[in-house]
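Structural features, examined
So you can see what is in the structure, the chains are spelled out below.
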Amino acid sequence: MTPMQPVATSPPDYPVLPAANRHWLTPLYDLRCEAMGLGRRFRRDVLARLALGRDERLIDVGCGTGRLLAEAALSHPGVAAVGIDPDPGVLAIAARHLARWRGRVALHAARAEALPLPDGTFDAAVSSLAFHHLPTPAKRAALREIRRVLRPGGRLLLVDFAATAGHRPPWWLRAIESVEYAADQYRGRLPEYLAAGFIDIRCVHRRWPSVEYLPAEKPAPAGEHGPRWQ
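Here the structure is a predicted model, which is why all the values come from computation and not from measurement.

The rules behind these values
- Residues numbered from 1 in each chain as written.
- Predicted model: local features only at pLDDT ≥ 70, side-chain atom pairs only at ≥ 80, totals over all residues.
- Heavy atoms only, no water.
- 1 Å grid on protein atoms, 1.4 Å probe; cavity = no way out; pocket = protein on both sides within 12 Å on 5 of 7 lines; lining within 4 Å.
- Points joined across faces, edges and corners; volume = space filled by probe spheres on them.
- Nonpolar A, V, L, I, M, F, W, Y, C, P; charged D, E, K, R; others polar.
- Buried < 20%, exposed > 50% of the residue type's maximum accessible area, 1.4 Å probe, protein only.
- Helix = DSSP H or I, 4+ residues; strand = E, 2+ residues; numbered from the N terminus.
- Contact = heavy atoms within 4.5 Å.
- Core = buried A, V, L, I, M, F, W, Y, C linked by side-chain atoms within 4.5 Å.
- Pairing = 2+ DSSP bridges.
- Axes fitted to C-alpha atoms, helices over the stretch in contact; angles between N-to-C directions.
- Lys, Arg positive; Asp, Glu negative; His and termini not counted.
- Salt bridge = Lys/Arg side-chain N within 4 Å of Asp/Glu carboxyl O.
- Polar contact = N/O pair within 3.5 Å; in protein donor to acceptor, adjacent residues only side chain to side chain.

1. A look at empty space enclosed by the protein
The tally for this structure, following the rule as stated, stands at 2 cavities of 30 Å³ or more. Taken together, the residues that form the lining of the largest cavity break down as 21 nonpolar, 6 polar and 7 charged.

2. Some points on helix α3 (residues 67-75)
Restricting attention to buried positions, one finds in α3 the residues L68, L69, A70, E71, A72 and A73. Looking at the buried positions of α3, the neighbouring elements they touch are α2 (40-50), β1 (57-61), β2 (80-85), α4 (88-97), β3 (105-109) and β4 (122-128).

3. A few points about unusual backbone geometry
One non-glycine residue, A51, lies in positive phi territory at about 55°. On the secondary structure map, A51 appears in the loop between α2 and β1. Phi angles above zero are rare outside glycine, and D200 is one such case at about 50°. Checked against the element boundaries, D200 lands in the loop between α8 (190-194) and β6 (204-206). By relative accessible area, which is 47% here, D200 ends up partly exposed.

4. Quick look at the nonpolar core
With 38 residues, the main nonpolar core has L38, F42, V46, L52, L58, L69 and L98 as its most contacted residues. For this core, the elements supplying multiple residues, two or more each, are α1 (29-35), α2, α3, α4, β3, β4, β5 (150-161) and β7 (211-217). With 5 residues, α3 is the single largest residue contributor to this core. Contacts of V46, omitting those with residues within four sequence positions, involve L68, V126, L157, V159 and Y213. One finds L117, F131, L214 and A216 within the second-largest nonpolar core, a separate group that totals 30 residues.

5. What about the sheet that holds β3?
Strand pairs in the sheet, formed through backbone hydrogen bonds, run parallel or antiparallel to each other. The strand order β3-β2-β1-β4-β5-β7-β6 describes an open sheet built from 7 strands, whose pairing is mixed. Looking at which strands have only one partner, the edges of the open sheet turn out to be β3 and β6. Averaged over all neighbouring strand pairs, the angle between strand axes comes to 15°, with direction disregarded. In the sheet, β1 pairs with β4 via 3 bridges, with the strands oriented parallel.

6. Remarks on the environment of P18
Relative to the helices and strands, P18 resides in the segment before α1. Assessed through its relative accessible area of 6%, P18 is described here as buried. Along the chain, P18 and D85 lie 67 residues apart, while their C-alpha atoms are 9.7 Å from each other. Setting aside chain neighbours within four positions, we find P18 in contact with H23, T26, D87 and H133.

7. Here's the deal with the environment of H23
Its place among the elements puts H23 in the segment before α1. Under the relative-accessibility criterion, H23 is labelled exposed at 54%. Taking C-alpha positions, H23 is 7.7 Å from G89, a pair spaced 66 residues apart along the chain. Those residues in contact with H23 that lie beyond four places of it in its chain are P18 and D87.

8. Observations regarding the side chain of D160
As for its placement among the helices and strands, D160 is situated in strand β5. An unpaired buried charge is present at D160: no salt bridge exists, and K139, the closest side chain of opposite charge, is 7.1 Å distant. Reaching out from D160, the side chain makes a polar contact with the backbone nitrogen of F131 at a distance of 2.9 Å. Only 2.9 Å separates the side chain of D160 from the side chain of H132, close enough to count as a polar contact.

Structure representation (structure tokens):
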């Protein structure tokens, strides 16, 4: 694995939103997730749905504080992983959380739409509560990049806040998050964006907090087995 030393890339052409919407709140991000019902139980649910196999390679796009990667490293000893996030501050926290798995988990300071990784490198990709921080063009570009770095037949699990009947973020989310880029989620557009390069897209809703799981697959050559979904 690459050493766990973030590698800087060129800055994005849009404001990078920190994990907790304000840089000074970043150290409190994990506590806030736990209070919202998006803590350890939620991370375990994400990993169960991802259904990692032995010795697979995983990329977490928008890894934040690295808690999901730490859970994956703990529960799947053969898995090697890479975490991507554009915020050096949150990556510094992630590096502390992942220090014990330094040989198996690498971190890169990079944008989701410009992954500094070779084609066909990963068996599985996950992005959890990160896509609402990206404007529409960046979402589309990020999905193209994720598809590029997945092997044929590789799988993506995209997890984010769910569409609502009024196509507006709920009041509680507007109170604590920047929702400038979240309109795609609340209009149910993410499956459409996934369909541009992925197949077998499904949507599973979780009631509280309102989150949707979107599993999808990168097309594989005829006759090859696709991924295993939970």
